Amino acid sequence: MKKALRIGAATIALAAVCTTGAVFNSLQTNENDFAAPTVQTAVLKQGATGGEVKELQRRLKQWGYYDGAVDGVYGAKTVEAVKRFQKKNGLTADGVAGKSTFAALGMNDSVKALEGNKGGSSSSNQSSNYTNSDLYLLAKCIYAESRGEPYTGQVAVGAVILNRVNSSKFPNTISGVIYQRHAFTAVSDGQINLEPDKTAMNAAQDAMNGWDPTYGCIYYYNPAVATSSWIFSRKTVTTIGKHIFAI
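For every chain, the first residue of the written sequence is number 1, and numbering continues from 1 along that sequence. Reporting of local features is limited, given that this is a predicted model, to residues whose pLDDT is at least 70; pairs of side-chain atoms are given and counted only at 80 or more, and all residues count toward the totals for whole chains, interfaces and linings. As a rule here, side-chain values come from all non-hydrogen atoms in the structure, and water together with hydrogens is ignored.

Enquirer: Help me understand the layout of surface pockets, please; the structure alone is not making it clear to me.
Expert: The gaps left among the atoms become clear once a water-sized probe is rolled over them. Whether a set of points on the 1 Å grid over the protein atoms alone is a cavity depends on a 1.4 Å probe fitting there but being unable to get out, while an open set qualifies as a pocket with protein on both sides within 12 Å along at least five of seven lines; lining residues are those with an atom within 4 Å of a point. Grid points are joined across faces, edges and corners, and a volume is the space filled by probe spheres set on the points. Size it by volume and the largest pocket reaches roughly 700 Å³. Forming the boundary of the largest pocket are 27 residues, of which Glu145, Thr185, Tyr220, Tyr221 and Asn222 lie nearest the centre. We call Asp, Glu, Lys and Arg charged. Ala, Val, Leu, Ile, Met, Phe, Trp, Tyr, Cys and Pro are nonpolar, and the rest, Gly among them, are polar. Grouping the constituent residues of the lining of the largest pocket by class yields 12 nonpolar, nine polar and six charged. Estimated volume of the second largest pocket: approximately 460 Å³. As for the second largest pocket, its lining consists of 24 residues, of which Thr49, Gly50, Gly51, Ser133 and Tyr136 are closest to the centre. Starting at the N terminus, helices and strands are each numbered in turn, a helix being any DSSP run of H or I of at least four residues and a strand any DSSP run of E of at least two. Elements with a minimum of two residues in the lining of the second largest pocket: helix H2 (51-62) and helix H6 (132-146). With five residues, H6 is the single largest residue contributor to the lining of the second largest pocket. When grouped by side-chain class, the residues that make up the lining of the second largest pocket number seven nonpolar, nine polar and eight charged.

Below, the structure written as structure tokens:
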């Protein structure tokens, strides 16, 4: 009897493992949504928020699939709009925006984010803490704050933002750091809403993958335009392009 019970228990455990594996595989293979191992969230689905969702809504609305508010909230209306778009374009109509849906929408930066960094930079555990929306928002801030700077300087701006996330002196999320009151000129003057280019996307990914040209700095400024006397009191660590990076 005991032997029969042991065999039965083993059978149930094996079935549970197989079921779990089947669920994982079905999620993993849908639209190649998990093609980027360095980004934790590889898809947009109901409940997602942020600039990437807003761009998705804008494009769907422009093409007549969506009639709701472009508010950056992936709600029921967005799900239905995505389903209509997917059906029209021969994709699996599941209402989840993954790599294939982004490609069909022409959201090439989002596709690149899902594919991960292919420039040869080392991956870091740091990047697994962030989502595609975080990556997109970081790229927007990098572009708004430092376009025209050398590439290393753009990565450095991203690194400062991530260093702030990890500092107890600042909010602990990328959006919290970027939208902290008076923290970034580009937020105050609206340049944060500009579309980031591929260079900014690459710089954001490199920063998330652990490249920090600032060696841990949490401040940067352009001495030619800075007006705060306090910022000049910070200890300078390095200068890249027009920006001084400090602690």
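Moving on from the model shown.
Enquirer: In this structure, what is going on with H2? I would like to understand it.
Expert: Since the α-helix advances by 3.6 residues per turn, residues separated by three or four positions end up pointing in the same direction. Between its terminal C-alpha atoms H2 stretches 16 Å, which fits the 16 Å expected from 12 residues at 1.5 Å a residue. Listed in full, the buried residues belonging to H2 are Glu52, Val53, Glu55, Leu56, Gln57, Arg59 and Leu60. A helix is expected to reach a length of 1.5 Å times the quantity of its residues less one. Only protein chains enter the accessibility calculation, which uses a 1.4 Å probe. A residue is then buried if its area is under 20% of the maximum for its type, exposed if over 50%, and partly exposed in between.

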